[in-house]
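The chain contents come next:
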Amino acid sequence: MRHFMDMDEVLKGMSRYGVLTDPQARCQFKDKLTSDIKNKEKELHEKVPALANPKDKVYKRVPSEFRCKQCKGNGFTVKVRSKNKVKSRVIKGCEDCEGKGFLADKIPATKVLGEDVGTFEPTSRTVKGEDGIKRPQWRLKFAFNSKSTVQVQSYLSSQCYPLPKHRKTGLTTTGEKDLEALARKHNDPILWLILGIRELRTMRDTFMGHSYDPDEDGRIRANFGFKPRTGRLNAFGPNIQQVPKRNPTLAKAFRKQFIASEGHLLYERDYSSIEAIITGTLAKDEKFIQATAHSIHAILCSYMLGSPIDLKWPVNRIRKAVRGLKREHPGDYSKAKEVIYLSLYGGKPRMIFYRNPGIFKSIAEATKLQNLFFETLATGVRRWQYLSLIEADEKSYLDTPYGYWHWFWEPMAIKPEKGNSLIWTRNRAKARLLEGDLTYAKKHIKFTSSSDKVLAFRSQSIAASKLKDDCLTMAKDKELGPTMRWVIHDAFINEIPEDKIIEYDKRIFKIMSRPILNGLRIGSEATSGRNWGEMEEMVAEVD
């Protein structure tokens, strides 16, 4: 409870300070988002086939909203003359609309119906009027709504694409991941346009919306709490921890609005792969720890390509090979990254496949890569995972060196050996695992929906405790405490006087490098700059 009680005042202090924003950069970014959305929607509107848009509506005559006020949409005016109670009709062409019945230059569709609704245009079919002149029918062509499930499904059907179905409910869906899978498979430019518009709209409406409006002094203040079950910090009002990272260009443009005060620099120091290193330490898997220190994603990628990086190579050679893999094989690197992340928390190949649409060709490929990961780089980690599940099943809880407990129900499923009980099978699996044999456990122990929580608890909880310990130490320092602004996942954001950036960087580095778990030291990386979007790397020079 010490962490929760002591951290409360620290988090309130960070919320009081906040981070300054640049109103000009904010307005420019928002205007650019609006402009890009309009351009992409216009392009989408022109490219989507008419049969794929169920919102088109055809009129035999000009609708009342668009009719010329003089001729009432007929294209001609009728004057009635009366002489001796005998009426005669005189038909003349309308001068206002030049006989069209529609004031295209004076009453545009967007003005009548609202912005981005659609266009009003004549069709190829004609209708003969009272004056004997044939005039075209009119069509109100609504803009294609990228968020509309009905319209997107209509487009998919027009292209003979299979309608995606939700993995759990079985209902048809047009979620981003499902559309991305179809876009990758068919290389469909319209689907990529739909996804791009959705991404831009989310950025504009959510991350540039009212929740991110700065206060009167120009600062944005986020609140922090302890909502995750592992003790990690969460943010709200606004949730600054949800800053998008998937699109580097948008993420950088969004971060550029956060600036340092005059004479200060924004400073960020982030733990390097803290959860993975803690997992390897708990599993006592030295090879996994070494690979993590050199970018385990790139090393697994090298195994996938058939030219594995040897961890016995000199450090400079390993770093050069890692940089080359990231640059030359981004697709394989992404596969390795997703396999490692989900596998560490008990993700099955089926989950890896469905959570990354279009990246993996099949579930069989995800299975092959996961087996390669555990057989080459994480044999000890896999053994530790099974032992953790057995421990949680035996005690119904897990604890950490920092005193945190978490209760679990049904952390795993046991397939009993023929003629023996569940407990006997569990104990037998545990004994074989302690001897280093995973074969029996793979056969008789099955992961459940709670297994990922069991496997994530200790590494995430210890990482969160380490972060809070360092946060408290930093807050007690009379000079470093007032510079603290935000905690973003595993990183600290500080606002430091420009002339003291080197000195404070050394002190923060020493705090974050303090050992845990009997001597384990977690590395960290630092960047600094005038704004959050343009930060330069720093190297700590520790005495």
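The structure we're discussing is the one just above.
Residues numbered from 1 in each chain as written. Predicted model: local features only at pLDDT ≥ 70, side-chain atom pairs only at ≥ 80, totals over all residues. Heavy atoms only, no water.

**Notes on the overall build of the protein**
Working step 1: Each helix and strand in the protein was counted, giving 19 helices and 19 strands.
Working step 2: Every one of the 543 residues in the protein was classed for burial, and the buried ones make up 45%.
Working step 3: Long-range contacts, defined here as pairs at least 24 residues apart, represent 66% of the contacts in the protein between residues at least 6 apart.
Working step 4: Total accessible area on the protein stands at roughly 29400 Å², and carbon and sulfur atoms take up 50% of it. (Helix = DSSP H or I, 4+ residues; strand = E, 2+ residues; numbered from the N terminus. Buried < 20%, exposed > 50% of the residue type's maximum accessible area, 1.4 Å probe, protein only. Contact = heavy atoms within 4.5 Å. Areas by Shrake-Rupley, 256 points an atom, 1.4 Å probe, with all protein chains shown as cover.)

**Considerations on the nonpolar core**
Working step 1: Core analysis: the largest hydrophobic core is formed by 56 residues, its most contacted members being Ile240, Phe254, Phe258, Trp486, Phe492 and Trp532.
Working step 2: The dominant element in this core, judged by the number of residues it contributes, is helix H18 (residues 451-476), at six residues.
Working step 3: Cys301, Leu311, Ile318 and Leu342 belong to the second largest nonpolar core, which has 30 residues in total. (Core = buried A, V, L, I, M, F, W, Y, C linked by side-chain atoms within 4.5 Å.)

**Concerning the packing of aromatic side chains**
Working step 1: For the structure shown, the criterion picks out 17 aromatic pairs.
Working step 2: Ring centres of phenylalanine 258 and tryptophan 532 lie 5.7 Å apart, and the angle between their planes is 75°; this geometry places the pair in the edge-to-face category. Of this pair, phenylalanine 258 sits in strand S10 (residues 258-259) while tryptophan 532 sits in the loop between strand S18 (524-531) and strand S19 (534-538); the two residues are 274 residues apart in sequence, bridging distant segments of the chain.
Working step 3: With a relative accessible area of 4%, tryptophan 532 lands in the buried category.
Working step 4: Consider the rings of tyrosine 386 and phenylalanine 447, whose centres lie 5.7 Å apart with planes at 65°: the pair is edge-to-face. Linking tyrosine 386 in helix H15 (residues 379-395) with phenylalanine 447 in strand S15 (residues 445-447), this pair joins segments that are 61 residues apart in sequence.
Working step 5: Look at phenylalanine 447 and you get buried, because its relative accessible area is 12%.
Working step 6: The rings of Phe207, Tyr212, Phe254, Phe258, Trp486 and Trp532 are connected pair by pair, giving a single aromatic cluster.
Working step 7: Cation over ring: arginine 317 sits above tryptophan 313, and NZ or CZ is 3.8 Å from the ring centre. (Phe/Tyr/Trp six-rings, centres within 6.5 Å; stacked < 30°, edge-to-face > 60°. Lys NZ or Arg CZ within 6 Å of the ring centre and 35° of its normal.)

**Examining a nonpolar patch on the surface**
Working step 1: Judged by side-chain polarity, Trp405, Trp407 and Trp409 come together as a nonpolar surface patch covering roughly 450 Å² of accessible area.
Working step 2: Among the secondary structure elements, tryptophan 407 is positioned in strand S13 (residues 405-407). (Patch = residues over 30% accessible without salt bridge, like charges linked within 9 Å, V, L, I, M, F, W, Y side chains within 5 Å. Salt bridge = Lys/Arg side-chain N within 4 Å of Asp/Glu carboxyl O.)

**Examining the pairing of strand S17 (residues 491-497)**
Working step 1: Burial analysis of S17 places six of its seven residues in the buried class, the great majority of the element.
Working step 2: Of the pairings in the sheet, the one linking strand S11 (residues 264-271) to S17 comprises seven bridges and is antiparallel in character. Paired with arginine 269 across the strands is phenylalanine 492, a residue of S17.
Working step 3: Bridging between strand S16 (residues 484-488) and S17 involves four bridges; their strand directions are antiparallel. Opposite methionine 484, over in S17, you have asparagine 494 as the bridge partner. (Pairing = 2+ DSSP bridges.)

**Things to note about helix H9 (residues 286-293)**
Working step 1: Within the sequence span of H9, burial applies to Phe288, Ala291 and Thr292. Buried positions in H9, seen along its axis, are confined to an arc of 100° and lie on one side of it. The outward face of H9, more than 90 degrees from its buried face, is lined by the exposed residues Glu286 and Ala293.
Working step 2: Summarising the contacts, the buried residues of H9 are in contact with helix H8 (274-283), helix H10 (296-304), helix H12 (330-344), helix H14 (363-376) and H15. (Arc of directions from axis to C-beta.)

**Side note on the side chain of threonine 376**
Working step 1: Residue position: threonine 376 is located in helix H14.
Working step 2: In this structure threonine 376 comes out as buried when scored by relative accessible area, which is 18%.
Working step 3: From its side chain, threonine 376 meets the backbone oxygen of leucine 372 in a polar contact 2.5 Å long. (Polar contact = N/O pair within 3.5 Å; in protein donor to acceptor, adjacent residues only side chain to side chain.)

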